[in-house]
Amino acid sequence: MALPPYIGPLGKAWHYGFRFYCGFVFTFLIAPLIVIIPLSFNAEPYFTFTEGMLRLEPTAYSFRWYADMVNNRQWGESAVNSIIIAICSTILATILGTLAALGLSQAHMPFRGPVMGLLISPMIVPLI
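Cut-offs and rules
Residues numbered from 1 in each chain as written. Predicted model: local features only at pLDDT ≥ 70, side-chain atom pairs only at ≥ 80, totals over all residues. Heavy atoms only, no water. Phe/Tyr/Trp six-rings, centres within 6.5 Å; stacked < 30°, edge-to-face > 60°. Helix = DSSP H or I, 4+ residues; strand = E, 2+ residues; numbered from the N terminus. Buried < 20%, exposed > 50% of the residue type's maximum accessible area, 1.4 Å probe, protein only. Expected span 1.5 Å × (residues − 1). Polar contact = N/O pair within 3.5 Å; in protein donor to acceptor, adjacent residues only side chain to side chain. Contact = heavy atoms within 4.5 Å. Salt bridge = Lys/Arg side-chain N within 4 Å of Asp/Glu carboxyl O. pLDDT = per-residue confidence, 0-100. Patch = residues over 30% accessible without salt bridge, like charges linked within 9 Å, V, L, I, M, F, W, Y side chains within 5 Å. Areas by Shrake-Rupley, 256 points an atom, 1.4 Å probe, with all protein chains shown as cover. Bend = angle between axes of the 7 residues up to and from the residue.

**Thoughts on the packing of aromatic side chains**
Applying the stated criterion to the full structure yields four aromatic pairs. Ring centres of Phe41 and Phe63 lie 5.5 Å apart, and the angle between their planes is 85 degrees; on these two criteria the pair is classed as edge-to-face. Separated by 22 residues along the polypeptide, Phe41 in the loop between α1 (9-39) and α2 (51-54) and Phe63 in the loop between α2 and α3 (64-71) bring together distant segments of the chain. Its relative accessible area of 25% is what places Phe41 among the partly exposed residues. The exposed category is assigned to Phe63, whose relative accessible area is 57%. One aromatic cluster is present, built from ring pairs that chain together Phe41, Phe63 and Tyr66.

Right, here's the structure in full:
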């Protein structure tokens, strides 16, 4: 995307600085995934880069963790529990959010301001 011709030097610096900052944040968030994915193919019983992995020896890599995920019953039960919880929480949040929106859209609702502030506080207060 080309910058408009009327943008001054400060605007260009802001534009490229903001792009650099976004790239830094993106890298900071994605870097752990870049490390964990190769470690998931480790043949050893612990997650670390072994000498064989660093030398790219085929015997140092395996699908043991993925096979364990497929064959172990606890992984399947955990996945089913996660899906059930996700569906129930989605339905509950949709119902409660719709009711709150309908109630707060009425001008004569008592304590409308404090209730609105309470409902949007998770978006305002940073997660600790």
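**With respect to helix α4 (residues 73-104)**
Residues that lie three or four places apart on an α-helix share one face, since the helix turns once every 3.6 residues. The terminal C-alpha atoms of α4, which comprises 32 residues, lie 46 Å apart, in line with the 46 Å expected from a rise of 1.5 Å per residue. The opening residue of α4, the one whose side-chain oxygen lies 3.2 Å from the backbone nitrogen of Gln74, is Asn72.

**Points about the side chain of Ser40**
Residue position: Ser40 is located in the loop between α1 and α2. Residue classification places Ser40 among the buried positions, given a relative accessible area of 11%. Here the side chain of Ser40 touches Tyr66 through a polar contact of 2.7 Å, side chain to side chain. With residues up to four places along the chain from it excluded, the contact list for Ser40 reads Phe47, Ser62, Trp65 and Tyr66.

**A word on the pattern of salt bridges**
Taken as a whole and judged by the stated rule, the model has two salt bridges. With a shortest N-O distance of 2.9 Å, Arg73 and Glu77 are connected by a salt bridge. Taken as a pair, Arg73 and Glu77 lie in helix α4 at a separation of four residues, close to a single helical turn. Overall, the relative accessible area of 39% leaves Glu77 in the partly exposed class.

**Remarks on the confidence of the model for the protein chain**
Residues of the protein chain with pLDDT of at least 70 account for 98%, and the chain-wide mean is 89. Summarising per-element confidence for the protein chain, the mean pLDDT is lowest in α2 (85) and highest in α4 (95).

**Details of a nonpolar patch on the surface**
On the surface, a nonpolar cluster with roughly 1,000 Å² of combined accessible area is contributed by Trp14, Phe18, Phe20, Tyr21, Phe24, Val25, Phe28 and Leu29. Residue position: Leu29 is located in helix α1. Look at Leu29 and you get exposed, because its relative accessible area is 56%.

**Section: the side chain of Asn42**
Here Asn42 is to be found in the loop between α1 and α2. Leave out the neighbours within four places in its chain, and Asn42 touches Phe47, Thr48, Thr50, Met53, Ala60, Ser62, Arg64 and Trp65.

**What about helix α5 (residues 112-124)?**
Compared with an ideal rise of 1.5 Å per residue, which puts 13 residues at 18 Å, α5 spans 18 Å between its outermost C-alpha atoms and is within 8% of the ideal. By the largest-angle criterion, Leu118 marks the main kink of α5, which is about 35 degrees, and a proline, Pro122, follows within four residues.

**Considerations on unusual backbone geometry**
Residues other than glycine seldom take positive phi values, yet Leu56 does so here, at roughly 60 degrees. By the element assignment, Leu56 lies in the loop between α2 and α3. Taking the relative accessible area as the measure of exposure, Leu56 reaches 65% and is therefore exposed. In this model, Phe111 sits at a positive phi of 55 degrees, which is unusual for a non-glycine residue. Relative to the assigned elements, Phe111 resides in the loop between α4 and α5.

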